[in-house]
Amino acid sequence: MSGQTLIEALSLSPGPDGLMARLDADFSNAPQAMDPTKGAPFGGLMAALAGSAARRGLGLETPLRTLTVQYLAAARFEPVTFRPTLLRGGRNVAYAAVEAGQDDRRALQALATFGRDVDGPRLDLMPPPPGAPGDFPLLPMDPAFGPWFTRHIDHRFPEGPKLFGQNAGGAVELGCWMRCADGAPLDEARLLFLLDGLYPTYWTGLPGPPAISASVDLRADLIGELTPATSPDGWAWFHFTSRDVGGGWAVEDGTAQAPDGRPVALVRQRRRIMPTRG
């Protein structure tokens, strides 16, 4: 794989007005059959950078609990500045805001909640994942519709990708084992990256080629603190469900679990479905 690596893409460096990241077309959301510069930087990457900017820029050490992102405009493939602000800090809970932009163009705004664990009741509310990642073959995305950024993700589908109508008439849902292709242990940034790492679930309910969509809002709730022991090989089980598709909008929910079944995240995403042209 050539171009920017995932570690490079997730890196932040001090800038004159905040923390800076370099956005490279290797992480474009355009299909691999197209020029990557025709797309925009992948929303999961932008979310991961926003969470990291809040943590690093404000010196926060407690686990990230919630990150809510609004994608205001498609960023360009050039350096982007993230500006975090501490809204309220505390020993157990802290609230932050992040704004990202390029020159005078605002691309993203986000709210983040950080908080430490305390003693309390616990319920196991998610069913265990099906099998283990190694039980299923790797399935690279078809370049005809698979975006450039998916080359940085390993996908394993226990029941297949269910594309193009295989869920028609039933529940529009999809399960997949995913990890970042560098095989590094699952951490906060990689989890945020992967929560947007699959095609829209409503594609499995459509009989034909996918309608183009764009992320408008994403909310990720992380559950518990991630350590290198949570998933040493980086794998997590993801299950996504389309909740509403119509009027040019879609709402999808997802869950993520470590290989031992421990829940690690919930996600809800609102997408804008673009009109297709004949």
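Below: a short report on this structure. Note that this is a predicted model, so its numbers are computed, not measured.

### Some details on the layout of surface pockets
To find leftover empty space, a probe the size of one water molecule is rolled over the atoms.
Next, step 1: Considered as a void within the structure, the largest pocket measures approximately 930 Å³ in volume.
Next, step 2: For the largest pocket, the lining is made up of 39 residues, of which N29, A30, I212, S213 and A214 are closest to its centre.
Next, step 3: Secondary-structure elements contributing two or more residues to the lining of the largest pocket are α2 (43-58) and β9 (213-222).
Next, step 4: Grouping the amino acids of the lining of the largest pocket by side-chain chemistry returns 29 nonpolar, seven polar and three charged.

### Quick word on the nonpolar core
As a rule of thumb, soluble globular proteins bury nonpolar side chains together.
Next, step 1: Counting residues in hydrophobic clusters, the biggest one holds 69 residues, and the most contacted among them are L45, F82, L191, F193, L195, Y199 and F238.
Next, step 2: If one sorts the elements of this core by residue count, α2 sits on top with eight residues.

### Observations concerning the environment of F238
Next, step 1: With respect to the element layout, F238 can be found in strand β10 (residues 236-246).
Next, step 2: The exposure class assigned to F238 is buried, which follows from its relative accessible area of 0%.
Next, step 3: In contact with F238, not counting residues within four places along its chain, are L174, G175, C176, M178, L191, L194, L195, T255 and A256.

### A short note on a nonpolar patch on the surface
Next, step 1: Among the surface-exposed residues, L87, V93, Y95 and L111 lie close enough to one another that they form a single nonpolar patch of about 370 Å² accessible area.
Next, step 2: Tracing the backbone through its elements, the reader meets V93 in strand β5 (residues 93-102).
Next, step 3: Judged by its relative accessible area of 35%, V93 is partly exposed.

### Quick notes on the sheet that holds strand β6 (residues 105-115)
Next, step 1: Strand order in the open sheet formed by twelve strands is β1-β2-β4-β5-β6-β3-β9-β12-β11-β10-β8-β7, with antiparallel pairing between adjacent strands. Every interior strand has two partners, whereas the edge strands, β1 (13-15) and β7 (153-156), have only one. Across the sheet, the mean angle from the axis of one strand to that of its neighbour is 25°, orientation sign disregarded.
Next, step 2: Both β10 and strand β11 (residues 249-257) contribute to a ladder of nine bridges, which runs antiparallel.

### Section: the packing of aromatic side chains
Next, step 1: Under the criterion given, the structure shown has ten aromatic pairs.
Next, step 2: Ring centres of F42 and F149 lie 3.6 Å apart, and the angle between their planes is 10°; on these two criteria the pair is classed as stacked. Of this pair, F42 sits in the loop between β2 (18-22) and α2 while F149 sits in the loop between β6 and β7, and the two are 107 residues apart along the sequence.
Next, step 3: For F149, a relative accessible area of 6% gives the class buried.

### Some remarks on empty space enclosed by the protein
Next, step 1: The tally for this structure, following the rule as stated, stands at one cavity of 30 Å³ or more.
Next, step 2: Its boundaries defined by the atoms lining it, the largest cavity holds a volume of some 70 Å³.
Next, step 3: Along its surface, the largest cavity is lined by L195, D196, G197, L198, Y199, T201, F240, E252, V267, Q269 and R271.
Next, step 4: Here the residues of the lining of the largest cavity are counted per class, giving five nonpolar, three polar and three charged.

### A few points about unusual backbone geometry
Next, step 1: For D103, which is not glycine, the phi dihedral falls at a positive 60°.
Next, step 2: With relative accessibility at 68%, the residue D103 sits in the exposed group.
Next, step 3: Of note in the backbone geometry, F164 takes a positive phi value of approximately 60° without being a glycine.

### Digging into the environment of M126
Next, step 1: The topology assignment puts M126 in the loop between β6 and β7.
Next, step 2: Note on M126: relative accessible area 22%, which makes it partly exposed.
Next, step 3: Taking the C-alpha atoms as reference points, M126 and G101, 25 residues apart in sequence, are found 38 Å from one another.
Next, step 4: Leaving out residues up to four positions away in the same chain, M126 has contacts with I223, T255, A256, Q257, P263, A265 and L266.

### Re the pairing of β9
Next, step 1: In this structure, strand β3 (residues 64-71) lies alongside β9, joined through five bridges in antiparallel fashion. From the neighbouring strand, L67 faces β9, where its bridge partner is A220.
Next, step 2: Direction of pairing for β9 relative to strand β12 (residues 263-273): antiparallel, over a ladder of nine bridges. Across the sheet, the residue bridging to D217 is R270, located in β12.

### Overview of the pattern of salt bridges
Next, step 1: For the coordinates displayed, the defined rule picks out 20 salt bridges.
Next, step 2: For D154, the salt bridge goes to R179, with nearest N and O atoms at 3.0 Å. Within this pair, whereas D154 is found in strand β7, its partner R179 is found in strand β8 (residues 173-180), the two being separated by 25 residues in sequence.
Next, step 3: Among the residues examined, D154 registers a relative accessible area of 14% and is labelled buried.

What counts, and at which threshold
Residues numbered from 1 in each chain as written. Predicted model: local features only at pLDDT ≥ 70, side-chain atom pairs only at ≥ 80, totals over all residues. Heavy atoms only, no water. 1 Å grid on protein atoms, 1.4 Å probe; cavity = no way out; pocket = protein on both sides within 12 Å on 5 of 7 lines; lining within 4 Å. Points joined across faces, edges and corners; volume = space filled by probe spheres on them. Helix = DSSP H or I, 4+ residues; strand = E, 2+ residues; numbered from the N terminus. Nonpolar A, V, L, I, M, F, W, Y, C, P; charged D, E, K, R; others polar. Core = buried A, V, L, I, M, F, W, Y, C linked by side-chain atoms within 4.5 Å. Buried < 20%, exposed > 50% of the residue type's maximum accessible area, 1.4 Å probe, protein only. Contact = heavy atoms within 4.5 Å. Patch = residues over 30% accessible without salt bridge, like charges linked within 9 Å, V, L, I, M, F, W, Y side chains within 5 Å. Areas by Shrake-Rupley, 256 points an atom, 1.4 Å probe, with all protein chains shown as cover. Salt bridge = Lys/Arg side-chain N within 4 Å of Asp/Glu carboxyl O. Pairing = 2+ DSSP bridges. Axes fitted to C-alpha atoms, helices over the stretch in contact; angles between N-to-C directions. Phe/Tyr/Trp six-rings, centres within 6.5 Å; stacked < 30°, edge-to-face > 60°.

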